[in-house]
Structures are given as C-alpha cells and as structure tokens.
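Fold and contact review
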Amino acid sequence: VQLVESGGGLVQAGGSLRLSCGASGRTFSRDAMGWFRQAPGKEREFVAQISWNSGWTYYADSVKGRFTISRDNAKDAVYLQMNSLKPEDTAVYYCAAAPGYSGNYIASQSDYSYWGQGTQVTVSS
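As a starting point, this report considers the structure included with it. (Residues numbered from 1 in each chain as written. Predicted model: local features only at pLDDT ≥ 70, side-chain atom pairs only at ≥ 80, totals over all residues. Heavy atoms only, no water.)

**Points about unusual backbone geometry**
Inclusion rule: The numbering of helices and of strands both runs from the N terminus, where a helix is a DSSP run of H or I of at least 4 residues and a strand a run of E of at least 2.
Non-glycine residue S54 carries a positive phi angle of around 65°. Here S54 shows up in the loop between β5 (45-50) and β6 (57-59). Located in the positive-phi region is D76, a residue other than glycine, with phi close to 50°.

See below:
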C-alpha cells in the first residue's frame, strides 16, 4: 500500500500550489484522508482533513481560508489547493489515510496509519 504525493516546489509568497496524493495497493474511498506538514525543527502538524464522502472538511486555523482539501474517490486521490502562500507555510507536506474513520470528526495523528513520503513546499519572501 502506497500513498504518493506530488506537486510541491518553490513558489513566491502570495503564490499558489496544488498538491496531489494518489493511493495504490488499496482503496481509501471509505476513509478519512488528511494533509499534515513538518517544518524544520518543528513537530509534524495537522493541516486539513476530508471525510470519505467530502461532506466534512476541517482545517488548521493557520491555513483556514487559504487552503482547500478535496478528493476524487474514483481516482483514489486527494488534493490540497494552497493559495496566498506565506513563508511560514514552508514545510514537507504529507498525505495520510485513516482507515476505519469516516471523517465526521477530526482524527488524531495516531489514527492515520498510512503515510506518504512527503513533498517539499518552499515559499520564498
């Protein structure tokens, strides 16, 4: 089972990026999916979560109004549209899946048992 992120890169402050995450080996179409990030020297933190049917979405306060999480269950994919990027958004971004959780409440990091390898996002000032 693999989760593979793509779409990271270097962008100027105020710019946009769209991260993608594809699943292989099993389907997560009935499970909550999330995005997390880890900046150098910091703990990994929650960014966004989406329920299995896209009915519920949750965001960290730091990204609310700027980032949008979405999913396409037919493609076993989840996305993170990031707008108005700030230098403090610089981090490695991870996609994760929480099997058994529908996503109608915010899952803890320990509930996510599948993780991607991460993709680097760097925002220059």
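**Notes on the sheet that holds strand β3 (residues 17-24)**
Cut-off, in case you're wondering: Here, a strand pair is defined by DSSP locating no fewer than two bridges between the strands. Axis lines are fitted to C-alpha atoms, over the contacting stretch for helices. Their N-to-C directions set the angle, which ranges from 0 to 180 degrees.
One open sheet holds the 4 strands; their spatial order is β1-β3-β8-β7, and the pairing between them is antiparallel. Because the sheet does not close on itself, it has two edges, and the strands there are β1 (2-6) and β7 (67-72). In this sheet, adjacent strand axes meet at a mean angle of 15° when their direction is disregarded. For β1 and β3, the ladder comprises 5 bridges, and the chain directions are antiparallel. Each bridged residue has a counterpart across the sheet, and for V4 the counterpart in β3 is G22.

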